[in-house]
Amino acid sequence: MYVLVTGGIGYIGSHIVLELMKLDIKVIIIDNLSNSSIKVLDRIIIISNKIPLFFNIDINDENKLDWLFLNYKISTVIHLAGFKSVGDSVKNPINYYHNNIGGTITLLTVMKKYNVYDIIFSSSATVYGVTKLMPISEKCALNPINPYGKTKLYIENLLLDIFKSNIQWNVIILRYFNPVGAHKSGLIGDNPSLIPNNLMPYITQVAVKKLEKLFIYGKDYNTKDGTGIRDYIHVVDLAVGHVKALFYMQNKHICEIFNLGTGIGYSVLELVKTFEAVSGVKINFTFVDRRAGDLDIIYADSSLAREKLEFHPQFNLDDMCTDSWIFQKNNPDGYL
Ligand SMILES: NC(=O)c1ccc[n+]([C@@H]2O[C@H](COP(=O)([O-])OP(=O)(O)OC[C@H]3O[C@@H](n4cnc5c(N)ncnc54)[C@H](O)[C@@H]3O)[C@@H](O)[C@H]2O)c1
């Protein structure tokens, strides 16, 4: 039996694939390479010394998915494939609704046809939207404020509904906070194709002089140094969280939701200073106005994942910055 990882060539998916293969779990990756490079597959092979099955399949392509499920015995789907840029989703909402929701509906349709009912879904803390209740627990109100976050919430609701319709479904929804860092090998990591939306790849690209300077949005937040505080989690810890979820769901029929964060908040300036300390590179930055909708502090209540999944993140801020830096330094122009 195989575990199918959709979007497994992407940033988070590739790290999950490695954690699964470390445990000799048989993996099939599908990815349409719309936001990733096939070179990642070579690097997965180099790191693991194993060859996972890979198919260039779009999750919207029902015929190809049908072929895949017909020919390979799949036990569980870890579903990451989708678009993820908040800004892009505001400009191109139809693409986001089509790819994220439409693709998931096609995937679930084929899973049902072949009696594959176990799914772990990549959701996001974005589903919480604007909330002042910190830390954010899974019970907090859901109110995403952009199309990307709304697609995640629609999919969560779809999964809750299919579970109610047929108890055979076995669903885990993981709400990620802010994944950063890279594999220790320095061979795979976050490699945005355009100007990064997230803080860490922005910092690393300033460090290698691909970008001129970092813009820090707001310096008068109600925090110790005036910059926003977020919950960053090392991508390898996040990947391990999926393996824990996979073991937890075995032989169950559940539908459960977990935050995956560290439960610790770091400010933008703390991240910049830590990055400078571990890399020895000075980051050129300037303060600009706050962005609408940004909150002072966001961090996870991660107690549920700790208790039920035995999820205990291992990596600290130094590790996150060091590993991001090594990846960027080794790959200044991405996967060329
Ligand atoms: N990175 C983050 O900050 C973050 C935070 C919360 C949630 N997530 C979610 O985690 C998942 C993975 O994120 P990531 O950072 O690895 O993104 P990523 O873009 O690096 O990976 C997603 C992968 O899915 C592929 N893909 C997209 N549409 C597809 C389709 N229709 N068919 C097949 N493949 C398709 C892309 O080519 C890419 O390789 C996404 O669902 C994202 O929304 C990410």
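Residues numbered from 1 in each chain as written. Predicted model: local features only at pLDDT ≥ 70, side-chain atom pairs only at ≥ 80, totals over all residues.

**Quick look at the overall build of the chain**
Line of reasoning, step 1. On a plain count of helices and strands, the chain comes out with 11 helices and 13 strands.
Line of reasoning, step 2. Taking 336 residues into account, the globule formula puts the C-alpha radius of gyration at 20 Å, and the chain, at 19 Å, falls close to it.
Line of reasoning, step 3. Along the longest, intermediate and shortest principal axes, the C-alpha atoms of the chain span 55 × 45 × 40 Å.
Line of reasoning, step 4. In the chain, which comprises 336 residues, the proportion classed as buried is 49%.
Line of reasoning, step 5. When contacts within the chain are restricted to residue pairs at least 6 apart in sequence, long-range pairs at least 24 apart make up 80% of them. (Helix = DSSP H or I, 4+ residues; strand = E, 2+ residues; numbered from the N terminus. Rg over C-alpha atoms; globule rule 2.2 N^0.38 Å. Buried ≥ 20, exposed ≤ 12 C-beta atoms within 10 Å, placed from the backbone. Contact = placed C-beta atoms within 7 Å.)

**Structural notes on the site of the ligand**
Line of reasoning, step 1. Taken together, the neighbourhood of the ligand is formed by 26 residues, with Gly7, Gly10, Ile12, Ser36 and Ser124 sitting nearest.
Line of reasoning, step 2. Of all elements in the fold, only α1 (11-22), α5 (93-113) and β5 (118-124) reach the threshold of two or more residues within the shell around the ligand.
Line of reasoning, step 3. Sort the elements by how many residues they give to the shell around the ligand and α1 lands first, with three residues.
Line of reasoning, step 4. Split into classes, the residues belonging to the shell around the ligand amount to nine nonpolar, 14 polar and three charged. (Near = placed C-beta within 6 Å. Nonpolar A, V, L, I, M, F, W, Y, C, P; charged D, E, K, R; others polar.)

**So, the environment of Ile298**
Line of reasoning, step 1. Mapping Ile298 onto the fold places it in the loop between β13 (285-288) and α10 (303-309).
Line of reasoning, step 2. Placed 68 residues apart in sequence, Ile298 and Arg230 show a C-alpha to C-alpha distance of 5.0 Å.
Line of reasoning, step 3. If we ignore the near neighbours within four places in the chain, the residues touching Ile298 are Ala125, Ile136, Arg230 and Asp231.

**Details of the sheet that holds strand β6 (residues 170-176)**
Line of reasoning, step 1. In space, the seven strands of this open sheet follow the order β3-β2-β1-β4-β5-β6-β11, with parallel pairing throughout. Every interior strand has two partners, whereas the edge strands, β3 (53-55) and β11 (255-260), have only one. Mean inter-strand twist for the sheet, computed between neighbouring axes without regard to direction, equals 20°.
Line of reasoning, step 2. Where α5 meets the sheet, its contacts fall on β1 (2-6), β4 (74-79) and β5, and the angle it forms with β4 comes to roughly 170°.
Line of reasoning, step 3. Packed onto the sheet, helix α6 (residues 147-165) meets β5, β6 and β11 and runs at close to 155° relative to β5. (Pairing = 2+ DSSP bridges. Axes fitted to C-alpha atoms, helices over the stretch in contact; angles between N-to-C directions.)

**Some thoughts on the packing of helix α9 (residues 268-279) against helix α11 (residues 317-330)**
Line of reasoning, step 1. Where α9 contacts α11, the two axes come as close as 9 Å, and the packing angle between them is 60°. Compared by their axis directions, α9 and α11 come out oblique. Note that α9 runs across α11; the crossing there is right-handed. In this structure, α9 uses Thr274, Phe275, Val278 and Ser279 to contact α11, whose residues at the interface are Leu317, Asp318, Cys321, Thr322 and Trp325.
Line of reasoning, step 2. Of the residues in the contact of α9 with α11, the class split is five nonpolar, three polar and one charged. (Parallel < 35°, antiparallel > 145°, perpendicular 65-115°, else oblique. Left-handed = near helix turned anticlockwise from the far one by under 90°.)

**Some remarks on the pairing of β4**
Within a regular strand, side chains alternate between the sheet's two faces.
Line of reasoning, step 1. The element β4 is largely enclosed, with a buried count of five among its six residues.
Line of reasoning, step 2. Where β1 meets β4, five bridges bridge the pair, whose relative direction is parallel. When the bridges of β4 are listed, Thr6 appears paired with His79.
Line of reasoning, step 3. Examined bridge by bridge, β4 and β5 share four bridges and lie parallel to one another. From the neighbouring strand, Ile78 faces β5, where its bridge partner is Ile120.

**Quick word on helix α8 (residues 235-248)**
Line of reasoning, step 1. Along its 14 residues, α8 runs 20 Å from first to last C-alpha, staying within 8% of the 20 Å computed at 1.5 Å per residue.
Line of reasoning, step 2. Most of α8 is tucked away, with 12 of its 14 residues classed as buried.
Line of reasoning, step 3. Among all positions of α8, only Val235, Val236, Asp237, Leu238, Ala239, Val240, Gly241, His242, Val243, Lys244, Ala245 and Leu246 are buried. (Expected span 1.5 Å × (residues − 1).)

**Considering the nonpolar core**
Line of reasoning, step 1. Val5, Val17, Leu174, Ile203 and Leu260 are the most contacted members of the largest nonpolar core, which totals 94 residues.
Line of reasoning, step 2. Per-element tally for this core: the top contributor is α8, with eight residues.
Line of reasoning, step 3. Excluding anything up to four places from it in sequence, Leu260 contacts Leu174, Arg175, Tyr176, Phe177, Ile233, Leu238, Gly241, Ala305 and Phe311. (Core = buried A, V, L, I, M, F, W, Y, C linked by C-beta atoms within 7 Å.)

**A short note on α1**
Line of reasoning, step 1. The end-to-end C-alpha distance of α1, which contains 12 residues, comes to 17 Å, matching closely the 16 Å that a straight helix rising 1.5 Å per residue would cover.
Line of reasoning, step 2. In terms of residue burial, α1 counts as a mostly covered element, since 11 of its 12 residues are buried.
Line of reasoning, step 3. At the C-terminal side of α1, Asp24 shows a positive phi close to 60°.

**Focus on unusual backbone geometry**
Line of reasoning, step 1. The omega torsion across Met134 and Pro135 is -5°, close enough to zero to call that bond cis.
Line of reasoning, step 2. Within the secondary structure, Pro135 sits in the loop between β5 and α6.
Line of reasoning, step 3. The backbone of Asn251 shows a phi angle near 55°, a positive value even though the residue is not glycine.
Line of reasoning, step 4. Relative to the elements of secondary structure, Asn251 occurs in the loop between α8 and β11.
Line of reasoning, step 5. Owing to 6 C-beta atoms within 10 Å, Asn251 belongs among the exposed residues under this scheme.

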